[in-house]
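Structural characterization, general
Take a look at the letters that make up each chain.
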Amino acid sequence: MADIADGAQLEVQGSGSKPYILKNTGGVYSCSCPAWRNQSIAIERRTCKHLRKVRGDAAEDARVGAAGDTNAPARPAARNVRPKSGANASAESDAVTTPALLLAHSWENDVDLTGWWMSEKLDGVRAYWDGKQFYSRQGNPFLAPDWFTAKLPDHPLDGELFGGRKKFQRTVSIVRRQDRSDDWKEVAFVIFDAPKLAAPFEERLAHCQQFVEDVAPPYAEWLQHEPCKGVTHLREELARVEGLGGEGLMLRKPGSRYEAGRSHTLLKVKSFKDDEARVIGHAAGAGRHKGRLGALEVELRDGTRFSVGTGLSDQERENPPPVGTIITFRYQELSNDGVPRFPSYVGVRIDAAPFEPTTRRKRA
């Protein structure tokens, strides 16, 4: 069967007069047909009869993990499901529970961070190793090859799938694939915590370091930390990391325990703020961008709508994130009307939960 090269697109004739467009963006395939667009699952798990006709059922089943009906999309993993007894027990036996991860608050210059443990904030994809498999923040599996997970332990680890600074979108395109490709050789699992170890942070981090040094898993590392000596040290380290293309810093409170949800024992420090938004439209480009994307029309969770037109590569303008995709963007500050100022596109956020805005607000 044929395939579509990365970054390329293909026209196929549908039932109407207008052809449908098939695309491959970093191993994520899409189709402009309603059957593909209207599926309520993650875009990397969607398929349709047009993609199957071009790529073949075997290739699509391997990509999306489909089983049984080869014309049906893969079923999304259930989240936060408690086991049931009786007739529904077997139907829910393979449900995936969202990992209870420790999440950070932003540092607002309101806490003295002297003595806190400081590390680089990696620009990768958060990953929870449950002892058998990787899962995203939302409980979706990452299908890593067996050779990538070789020598990882049978107990949980918290970390980041990291492909390097300024390679966030490339990392996303690798880990979201369903075919366990050799592209995983570009990624490392950087470990920074052991969630189930009932001990202070220092002991948990030492456990991660000792594991990596003793077992030497081929694609795993531990994340180094150092004590923060004060605000001057913090600012110097932030400037150094950002100068190298890093995203920022993470600070852990000494002696803190691992807890689920957002905690003030974990703080992120960045020169720019970031947030997530949902793509609601594509604005046509002008000038050198004529004939392709000019800007993404997006909205926040509170319904605020605005455009993101910078930070997009030429390839991303040719193959923009589909409507409904959750993206990450950076910005300097919010206007008085709550609109992000100088937003810049970072990439598709594959570990964020879909959302519908609470209200609808036009851009000020």
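Relevant structure appears above.
Residues numbered from 1 in each chain as written. Predicted model: local features only at pLDDT ≥ 70, side-chain atom pairs only at ≥ 80, totals over all residues. Heavy atoms only, no water.

Describing the pairing of strand S15 (residues 273-284)
Relative to strand S18 (residues 326-331), S15 is paired through six bridges, and the arrangement is antiparallel. Note that in S18 the partner of Lys273 across the bridge is Tyr331. In the sheet, S15 pairs with strand S16 (residues 293-299) via six bridges, with the strands oriented antiparallel. The residue of S16 that forms the bridge with His282 is Leu296. (Pairing = 2+ DSSP bridges. Helix = DSSP H or I, 4+ residues; strand = E, 2+ residues; numbered from the N terminus.)

What about the sheet that holds strand S2 (residues 20-25)?
What the three strands build is an open sheet, ordered S1-S2-S3; its pairing is antiparallel. The open sheet is flanked by strand S1 (9-12) and strand S3 (28-31), the only strands paired with a single partner. Within the sheet, the average angular offset between the axes of one strand and its neighbour, ignoring direction, is 15°. As paired strands, S2 and S3 are joined by four bridges and run antiparallel to one another. Paired with Asn24 across the two strands is Tyr29, which belongs to S3. (Axes fitted to C-alpha atoms, helices over the stretch in contact; angles between N-to-C directions.)

Thoughts on helix H7 (residues 231-243)
The end-to-end C-alpha separation of H7 is 18 Å, in line with the 18 Å expected for 13 residues at 1.5 Å each. Looking only at H7, the buried set comprises His233, Leu234, Glu237, Leu238 and Val241. Seen from one end, H7 has its buried residues packed into an arc of 130°, which puts them on one side. Seen from the buried face of H7, the exposed residues on the opposite side, beyond 90 degrees, are Thr232, Glu236 and Gly243. Where the residues of H7 are buried, they touch strand S5 (117-121), strand S12 (226-227), strand S13 (248-252) and strand S14 (261-269). Positive phi appears at Gly245, one or two residues downstream of H7, with a value of about 95°. (Expected span 1.5 Å × (residues − 1). Buried < 20%, exposed > 50% of the residue type's maximum accessible area, 1.4 Å probe, protein only. Arc of directions from axis to C-beta. Contact = heavy atoms within 4.5 Å.)

Considering the packing of aromatic side chains
One pass over the full model with this rule turns up nine aromatic pairs. Each member of the aromatic cluster is reached from another via a ring pair, and the members are Trp129, Phe134, Trp147, Phe148, Trp184, Phe189 and Tyr219. When the ring centre of Tyr29 is taken as reference, the NZ or CZ atom of Arg55 above it lies at 4.1 Å. Looking at Lys185, its charged tip hangs above the ring of Trp147, at a distance of 5.7 Å from the centre. (Phe/Tyr/Trp six-rings, centres within 6.5 Å; stacked < 30°, edge-to-face > 60°. Lys NZ or Arg CZ within 6 Å of the ring centre and 35° of its normal.)

What to know about the sheet that holds strand S6 (residues 125-129)
Taken together, the six strands give an open sheet; going across it, the order is S8-S7-S6-S9-S10-S11, and neighbouring strands pair in mixed fashion. Each end of this open sheet is capped by a strand with a single partner; those strands are strand S8 (141-142) and strand S11 (220-222). Relative to strand S9 (residues 157-162), S6 is paired through five bridges, and the arrangement is antiparallel. Residue pairing for S9: Arg126 is matched across the bridge by Glu160. Packing of helix H6 (residues 201-215) onto the sheet brings it into contact with S9, strand S10 (188-193) and S11, and relative to S10 it is tilted by some 150°.

What to know about the nonpolar core
By size, the foremost hydrophobic cluster in this structure holds 40 residues, and its most contacted members are Phe134, Phe142, Leu161 and Phe189. Those residues in contact with Phe142, other than ones at most four positions away along the chain, are Val125, Arg126, Ala127, Gln133, Phe134, Tyr135, Ser136, Leu161, Val175, Trp184 and Ile350. One finds Val12, Tyr20, Val28 and Ile43 within the second-largest nonpolar core, a separate group that totals 13 residues. (Core = buried A, V, L, I, M, F, W, Y, C linked by side-chain atoms within 4.5 Å.)

Remarks on the pairing of S13
Consecutive side chains along a regular strand alternate between the two faces of the sheet. The element S13 is largely enclosed, with a buried count of five among its five residues. As paired strands, S5 and S13 are joined by five bridges and run antiparallel to one another. Across the sheet, the residue bridging to Ser119 is Met250, located in S13.

Looking at the environment of Glu247
Relative to the elements of secondary structure, Glu247 occurs in the loop between H7 and S13. Residue classification places Glu247 among the buried positions, given a relative accessible area of 11%. Measuring from C-alpha to C-alpha, the distance between Glu247 and Ser271 comes to 8.7 Å, with 24 residues separating the pair along the chain. Other than its neighbours up to four places away in sequence, Glu247 contacts Lys121, Leu122, Asp123, Val241, Glu242, Lys270, Asp274 and Arg330. A polar contact of 3.4 Å, which involves the side chain of Glu247, links it to the side chain of Lys121. Only 2.9 Å separates the side chain of Glu247 from the side chain of Lys270, close enough to count as a polar contact. (Polar contact = N/O pair within 3.5 Å; in protein donor to acceptor, adjacent residues only side chain to side chain.)

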